[in-house]
Amino acid sequence: MSLDNEYLKSLGSWFNSTVGFVIDTYHHLSKTQQIIVVVMVAVSALVLYLLYGIVKRKEKTAEVDVAVIGRIKNSIPYRKKIRTRSKLFENIIGHDNVKEILARSITRNLGIHWLLVGPPASARSMILMDIEDKVPGAIFVSGTRLNKEGLLELLRTQKPKFLLIDELDKCGPSTLNPLLTLCEHKRIVSTTKSDPFDIGLDTVILGTANYSDSLQSYFLSRFFVLHFPEYTEEEFLDICRVVLPKKERVGIRLAKYIGEKVWNDMENRDIRQAVRVAKLAKTKEDVDWTVEVLMKYGGG
Ligand SMILES: Nc1ncnc2c1ncn2[C@@H]1O[C@H](COP(=O)(O)OP(=O)(O)O)[C@@H](O)[C@H]1O
Ligand SMILES: [Mg+2]
């Protein structure tokens, strides 16, 4: 106890003498020197204060990152976000989880490649076209018209941020070969004698396919593959109720009626079939007659 008191006493007298020395020295300075000292102390204090603020903000950001995983709007701040022109996938009905996971991957710029596999008219092309419309640097191409040279040329000259390949399963494996190096090593390489090149490229691929069986496993392993199930009757009718009035100007009730006839009588699960019926028929009687004819001659 007494030792502690001694220690405190000596610390106190050291502090007093140091402060006394500093004040003394300060008083012996000229006016200009005094002003310089005051300014230097003020600047140092300001710098320390700013540094403290930066460190604190970084700590806070790191906390937010962990807390918000799973929500699109608060994506991880230190990764450069992709700003879409407007909200993605607003016109697509249902597919909520698919829309959420794709929007997350795109806006957070995660560099993940996606393949959307599903039956006809399950909105896969709509999804790609919506990305094309709203995401800067996205380019849409059809796999049915793509060859290897065209693909390499497009990548090299346009350097898309997102390459959207509709009907990707319609390309031959040799057409898709450049994508193997692109997805894995972010490079495109051409070894032709006339025009060899090796370019670094950070392009994300999103593709659609009806089936994934025709694609090689080493190709698929570079993608997240999402399998779209067939619509349920409820989903099918919901989509008809929105799409038919918009595309063919039929009323909502008639749209639902057409949807039911196509689903139940024709046993067809393709929204395009319902759209075609809505093109031909504008009353319930018309719909009955049209469906009857199509079933008799069109085989459903
Ligand atoms: N979930 C949906 N939301 C809105 N429209 C849809 C949906 N699913 C299908 N459609 C309609 O079906 C049509 C075909 O969709 P599309 O994206 O071309 O299908 P896919 O590429 O899967 O064959 C679209 O033009 C749209 O009118
Ligand atoms: Mg399509």
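Worth saying up front: this structure is predicted, and the values here are computed from it rather than measured.

## Details of the overall build of the protein
Then step 1. Along the backbone of the protein there are eleven helices and seven strands.
Then step 2. In summary, the protein has a C-alpha radius of gyration of 33 Å against a globular reference of 19 Å for 300 residues, an excess of more than 25%.
Then step 3. For the protein, the proportion of its 300 residues judged to be buried stands at 25%.
Then step 4. Look at the contacts in the protein between residues 6 or more apart in sequence, and 67% of them connect residues 24 or more apart.

## Observations regarding unusual backbone geometry
Then step 1. Positive phi, close to 60°, is recorded for Asn109, a residue that is not glycine.
Then step 2. Structurally, the position occupied by Asn109 is in the loop between α3 (96-107) and β1 (114-117).
Then step 3. Unlike most non-glycine residues, Glu167 shows phi in positive territory, near 55°.
Then step 4. The class of Glu167 is partly exposed, set by 19 C-beta atoms lying within 10 Å.

## Thoughts on the domain arrangement of the protein
Then step 1. Along its sequence, the protein is carved into domain 1 (2-68), domain 2 (96-227) and domain 3 (233-297).
Then step 2. Domain 2 and domain 3 are separated by 34 Å when their C-alpha centres are compared.

## So, the packing of helix α5 (residues 148-158) against helix α6 (residues 173-185)
Then step 1. Two elements in contact, α5 and α6, have axes whose closest approach is 8 Å; the angle formed by their N-to-C orientations is 30°. For the element pair α5 / α6, the angle class is roughly parallel. Where α5 abuts α6, its residues Lys148, Leu151 and Leu152 lie against Ser174, Thr175, Asn177 and Pro178.
Then step 2. Taken together, the residues of the contact of α5 with α6 sort by class into three nonpolar, three polar and one charged.

## Things to note about the pairing of β1
Then step 1. Burial along β1 is two-sided: the face carrying Trp114 and Leu116 and the face carrying Leu115 and Val117 are both buried.
Then step 2. Direction of pairing for β1 relative to strand β6 (residues 204-209): parallel, over a ladder of four bridges. Within β6, the residue paired with Val117 across the bridge is Ala209.

## Digging into the site of ligand 1
Then step 1. If you check the shell around ligand 1, you find 17 residues, and the closest are Ile93, Ala123, Arg124, Ser125 and Met126.
Then step 2. Breaking the shell around ligand 1 down by element, the ones donating at least two residues are α4 (124-134), α8 (233-248) and α10 (271-280).
Then step 3. Partitioned by chemical class, the residues of the shell around ligand 1 number nine nonpolar, six polar and two charged.
Then step 4. The two domains that each donate at least three residues to the shell around ligand 1 are domain 2 (96-227) and domain 3 (233-297).

## What about the sheet that holds strand β7 (residues 224-227)?
Then step 1. Strand order in the open sheet made by the five strands is β2-β3-β6-β1-β7, with parallel pairing throughout. Every interior strand has two partners, whereas the edge strands, β2 (138-142) and β7, have only one. Taking the axes of each pair of neighbouring strands and ignoring which way they run, one obtains an average angle of 15° across the sheet.
Then step 2. Pairing analysis gives five bridges linking β2 to strand β3 (residues 162-166), with the strands arranged parallel. Paired with Ala138 across the strands is Phe162, a residue of β3.

Thresholds applied
- Residues numbered from 1 in each chain as written.
- Chains lettered and ligands numbered in written order.
- Predicted model: local features only at pLDDT ≥ 70, side-chain atom pairs only at ≥ 80, totals over all residues.
- Helix = DSSP H or I, 4+ residues; strand = E, 2+ residues; numbered from the N terminus.
- Rg over C-alpha atoms; globule rule 2.2 N^0.38 Å.
- Buried ≥ 20, exposed ≤ 12 C-beta atoms within 10 Å, placed from the backbone.
- Contact = placed C-beta atoms within 7 Å.
- Domains from an automatic or database assignment.
- Axes fitted to C-alpha atoms, helices over the stretch in contact; angles between N-to-C directions.
- Parallel < 35°, antiparallel > 145°, perpendicular 65-115°, else oblique.
- Nonpolar A, V, L, I, M, F, W, Y, C, P; charged D, E, K, R; others polar.
- Pairing = 2+ DSSP bridges.
- Near = placed C-beta within 6 Å.

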